[in-house]
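So the chains spell out like this:
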Amino acid sequence: MTEHKPMAETAVPPAYDRDRLLAWLARHDIPHLTHDHPAVFRVDEGHELKAAMPGAHTKNLFLKDKKGKLWLISARQDTVIDLKRADKWIGSARLSFGNETLLWETLGVRPGSVTALGLINDPDHRVTFVLDKALWDADIVNFHPLTNTATTALTQADFRRFLTLIGREPVVVDFGRLAE
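Summary of the structure given here.

## Quick word on unusual backbone geometry
At step 1: A positive phi angle is found at Asp29, which is not glycine, with a value near 55 degrees.
At step 2: In this structure, Leu146 takes a positive phi of about 75 degrees despite not being glycine.
At step 3: By the secondary structure assignment, Leu146 is in the loop between strand S6 (140–143) and strand S7 (150–155).

Pasting the structure below:
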């Protein structure tokens, strides 16, 4: 496992970190369950941790297209996303991974901690949110709470309420069907 070295703290810190996010959820009466665990940097890590937590586990891709538009794709961890074809499915121009500075500036997280819950740190809606239909249909969804040392479980209704409260309407794409 490669160790992540934090970038220099040149950017303004995000409005929300893990503690502030969880307090915000509590203030808005959004039930959630957060499990602390060792840092998980990639989707293929932590299978034993995930097995003990019910619900759909996620992979989250922070992307930039050739026109400079930013995208966050959240999908079930087992969903295959072909980045060479995904641009056509979501209406973007050629996609590549966004850099660490943009990730910090827009979602307030570091690589390995990318999460849909980071959208709370993007009040200007610079990032377009794309959600896999398989995740949209899951009863329980699990996301990092702005750090990869924990996982927060939300019911689908509570996740949708979170999105509504932060003013987000996801672009829902059935990646599973498109990959066939």
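## Section: the pairing of S6
At step 1: Taken together, the two bridges between strand S2 (residues 56–65) and S6 define a ladder with parallel strand orientation. Among the inter-strand pairings, His57 is bridged to a residue of S6, identified as Asn142.
At step 2: Here four bridges tie S6 to S7, and the two strands are oriented antiparallel to one another. Of the residues in S7, the one forming a bridge with Phe143 is Thr152.
At step 3: With antiparallel pairing between neighbouring strands as the criterion, S6 and S7 make up a hairpin whose turn holds six residues, including Leu146 at a positive phi of roughly 75 degrees.

## Thoughts on the packing of aromatic side chains
At step 1: Summed over the entire model, instances satisfying the criterion amount to three aromatic pairs.
At step 2: Ring centres of Trp24 and Phe162 lie 5.6 Å apart, and the angle between their planes is 90 degrees; on these two criteria the pair is classed as edge-to-face. Placement of the pair is Trp24 in helix H1 (residues 18–27) and Phe162 in helix H6 (residues 156–165), with a sequence separation of 138 residues. Across this residue pair, the class does not change: Trp24 and Phe162 are buried.
At step 3: Grouped by ring-pair contacts, the aromatic residues Trp24, Phe143, Phe159 and Phe162 constitute a single cluster.
At step 4: A cation over a ring is seen here: Arg110 above Trp104, with NZ or CZ 3.6 Å from the ring centre.
At step 5: Lying across the ring of Trp136, Arg160 places its NZ or CZ 3.5 Å from the centre.

## Things to note about the pattern of salt bridges
At step 1: Applying the stated criterion across every chain, the model contains four salt bridges.
At step 2: The salt bridge involving Asp122 is made with Arg168; its shortest N-O contact spans 2.6 Å. With Asp122 in the loop between helix H4 (100–107) and strand S5 (127–132) and Arg168 in the loop between H6 and strand S8 (171–173), this pair connects stretches of sequence that are 46 residues apart. When sorted by exposure, Asp122 lands in the same class as Arg168, which is buried.

## Things to note about the nonpolar core
At step 1: Phe159 and Phe162 are the most contacted members of the largest nonpolar core, which totals 33 residues.
At step 2: Sorting the residues of this core by element identifies H1, S2, strand S3 (70–76), H4, S5, helix H5 (133–136), S6 and H6 as the ones contributing at least two each.
At step 3: Excluding its chain neighbours within four sequence positions, the residues that come into contact with Phe159 are Ala116, Phe129, Leu131, Val141, Phe143 and Leu154.

## Describing H6
At step 1: Residues of H6 that are buried include every one of Gln156, Asp158, Phe159, Phe162 and Leu163, and no others. When H6 is viewed along its axis, its buried side chains cluster within an angular range of 165 degrees and face the same direction. Projecting away from the buried face of H6 at angles above 90 degrees are the exposed residues Ala157 and Thr164.
At step 2: Tucked inside the fold, the buried residues of H6 contact H1, S5, H5, S6 and S7.

Cut-offs and rules
- Per-chain numbering applies: the sequence of each chain, read as written, is numbered from 1 onward.
- In keeping with the model being predicted, local features are shown solely for residues with a pLDDT of at least 70 and side-chain atom pairs are shown and tallied solely at 80 or more, while totals for entire chains, interfaces and linings include all residues.
- Values reported for side chains reflect all heavy atoms of the structure, with hydrogen atoms and water molecules removed beforehand.
- Under the scheme used here, helices are H or I runs from DSSP no shorter than 4 residues and strands are E runs no shorter than 2 residues, and both carry numbers assigned from the N terminus.
- In short, DSSP must find at least two bridges between two strands for them to pair.
- Stacked, edge-to-face and tilted labels apply to pairs of Phe, Tyr and Trp rings (six-membered ring for Trp) whose centres lie within 6.5 Å, assigned for plane angles under 30 degrees, over 60, and everything in between, in that order.
- Residue burial is assigned from relative accessible area. The probe radius is 1.4 Å, only protein chains are included, and a residue is buried under 20% of its type maximum, exposed over 50%, and partly exposed in between.
- Any Lys NZ or Arg CZ that is within 6 Å of a ring centre and within 35 degrees of that ring's normal is treated as a charge sitting over the ring.
- In what follows, salt bridge is the name for a side-chain nitrogen of Lys or Arg lying within 4 Å of a carboxyl oxygen of Asp or Glu.
- Definition of nonpolar core: a set of buried residues of the types Ala, Val, Leu, Ile, Met, Phe, Trp, Tyr and Cys, connected through side-chain atoms within 4.5 Å.
- Whether two residues touch is decided by their heavy atoms; if any such pair falls within 4.5 Å, the residues are in contact.
- Taking the helix axis as origin, the arc is that swept by the directions to the C-beta atoms.

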